[in-house]
Every structure is written in C-alpha cells, then in structure tokens.
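These are the residues of each chain, in order.
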Amino acid sequence: MQNIYKSSIVLWFLVIAGAAFAAKVSMDTLMLPDVYVSYSANECVSVSNYEEGDSYSCENLPSKYNHHWVK
C-alpha cells in the first residue's frame, strides 16, 4: 500500500511539472513577434512586436517568430 502511495505522489508531481512546463512554453510562444510574409512574393510585409523594447522590422528579423502568410 505504501508503494502505491509513493507512486501516486511521483505521478502527480510529474503531471504538475508537465503542466507548468507547457504553460511556460505557450506563454513564450505568445510573446514572439509576428512576421507577415506575402504568399505571392515570399517577402516580409510587416512585423508586429509584442515585447516592450522590441524593434524588429523586415530588415531586422528576430531569430524566432510566428510566421503568418498574407496576400
């Protein structure tokens, strides 16, 4: 019975740790800049910055961003 109790504690710890990790990753993804790329020309059209202090543009693209196709 004691082994089952210990196993359930470890399982709940892993579930909570996994949920916290997923929340952190999703929040980091939400704060990435959005880069809008023309579908026909395959060129950057505009960049939306969300973090305060970010000044990315089509000439200065970030290393990681959310990619959006536009007309």
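The shown structure was predicted, so the numbers you read here are calculated from the model rather than taken from an experiment.

S.K.: Is there a simple way to explain the overall build of the protein in this structure?
M.R.: Counting its secondary structure elements, the protein contains one helix and three strands. The linear arrangement of helices and strands in the protein, starting from the amino end, is α-β-β-β. The C-alpha atoms of the protein give a radius of gyration of 20 Å, which is well past the 11 Å a tight globule of 71 residues would have. Principal-axis analysis of the C-alpha atoms places the extent of the protein at approximately 65 × 30 × 15 Å. Taken over 71 residues, the protein has a buried fraction of 10%. Considering only contacts within the protein whose residues lie at least 6 apart along the sequence, 43% involve residues at least 24 apart.

S.K.: Please clarify how the state of the cysteines should be interpreted in this entry.
M.R.: In the structure shown here, the tally under the stated rule is one disulfide. The residue that forms a disulfide with Cys44 is Cys58, at a sulfur-sulfur distance of 2.0 Å. A torsion of -65 degrees about the S-S bond marks the disulfide between Cys44 and Cys58 as left-handed. One end of the pair, Cys44, is in strand β2 (residues 44–48); the other, Cys58, is in the loop between β2 and β3 (66–70), with 14 residues separating them in the sequence.

S.K.: What should I look at first to understand the environment of Cys44 in this one?
M.R.: The exposure class assigned to Cys44 is partly exposed, which follows from its relative accessible area of 24%. Each C-alpha atom of the pair Cys44 and Met31 lies 19 Å from the other, and the pair is 13 residues apart in sequence. Leaving out residues up to four positions away in the same chain, Cys44 has contacts with Val35, Tyr36, Val37, Cys58 and Leu61.

Here is what the cut-offs are and how they apply
Residues numbered from 1 in each chain as written. Predicted model: local features only at pLDDT ≥ 70, side-chain atom pairs only at ≥ 80, totals over all residues. Heavy atoms only, no water. Helix = DSSP H or I, 4+ residues; strand = E, 2+ residues; numbered from the N terminus. Rg over C-alpha atoms; globule rule 2.2 N^0.38 Å. Buried < 20%, exposed > 50% of the residue type's maximum accessible area, 1.4 Å probe, protein only. Contact = heavy atoms within 4.5 Å. Disulfide = S-S within 2.5 Å.

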